[in-house]
Amino acid sequence: MTQYKDVVEKQNQKLKEEKDANTIIELGWQREEIGKANVVRHKRYRDRVEYEYSDKRKKPHTEWR
């Protein structure tokens, strides 16, 4: 019975860590170039930053810490 309890506790800890890692810390945007209409949106998480461009020719990307 204790083995099952240990497995459940490990799974719960892993889920909590994943949830913490997926919490958005900062959400914002800025202009790509001053005076231009294109913007860059960023979502900052604990372990990464995701960038998304209004210019659809540029692909969204993620920077890991």
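Residues numbered from 1 in each chain as written. Predicted model: local features only at pLDDT ≥ 70, side-chain atom pairs only at ≥ 80, totals over all residues. Heavy atoms only, no water.

Draft legend 1. Inspection of the side chain of histidine 42 at higher detail. Within the secondary structure, histidine 42 sits in strand E2 (residues 39-44). The buried category is assigned to histidine 42, whose relative accessible area is 12%. Reaching out from histidine 42, the side chain makes a polar contact with the side chain of glutamate 26 at a distance of 3.3 Å. When residues no more than four places from it in sequence are discounted, the contact partners of histidine 42 are Glu26, Leu27, Gly28, Trp29, Val49, Glu50 and Tyr51. (Helix = DSSP H or I, 4+ residues; strand = E, 2+ residues; numbered from the N terminus. Buried < 20%, exposed > 50% of the residue type's maximum accessible area, 1.4 Å probe, protein only. Polar contact = N/O pair within 3.5 Å; in protein donor to acceptor, adjacent residues only side chain to side chain. Contact = heavy atoms within 4.5 Å.)

Draft legend 2. How the structure looks around the side chain of arginine 48. Note on placement: arginine 48 falls in strand E3 (residues 48-53). We classify arginine 48 as buried; its relative accessible area is 10%. Beyond its immediate chain neighbours, meaning those up to four positions away, arginine 48 contacts Ala21, Asn22, Lys43, Thr62, Glu63 and Trp64.

Draft legend 3. Representation of the pattern of salt bridges. Throughout the structure, instances matching the rule amount to seven salt bridges. Between glutamate 26 and arginine 44 there is a salt bridge whose closest N-O contact spans 3.0 Å. Of this pair, glutamate 26 sits in strand E1 (residues 26-31) while arginine 44 sits in strand E2; the two residues are 18 residues apart in sequence, bridging distant segments of the chain. Note on glutamate 26: relative accessible area 35%, which makes it partly exposed. Looking at arginine 44, the relative accessible area reads 25%, which means it is partly exposed. Arginine 48 is the partner of glutamate 50 in a salt bridge, and the nearest nitrogen-oxygen pair spans 3.2 Å. Here glutamate 50 falls in the partly exposed class, since its relative accessible area comes to 26%. Here the salt bridges do not stand alone but share partners, grouping Asp47, Arg48 and Glu50 into one network. (Salt bridge = Lys/Arg side-chain N within 4 Å of Asp/Glu carboxyl O.)

Draft legend 4. Spatial organisation of the environment of valine 39. Within the fold, valine 39 resides in strand E2. Along the primary structure valine 39 and tyrosine 53 are separated by 14 residues, whereas in three dimensions their C-alpha atoms are 6.1 Å apart. Excluding residues that lie within four positions of it along the chain, valine 39 makes contacts with Trp29, Gln30, Arg31, Glu32, Glu52, Tyr53 and Ser54.

Draft legend 5. How the structure looks around the packing of aromatic side chains. Scanning all chains against the criterion turns up zero aromatic pairs. Directly above the ring of tyrosine 45 sits arginine 48, whose terminal nitrogen or CZ lies 4.0 Å from the centroid. (Phe/Tyr/Trp six-rings, centres within 6.5 Å; stacked < 30°, edge-to-face > 60°. Lys NZ or Arg CZ within 6 Å of the ring centre and 35° of its normal.)

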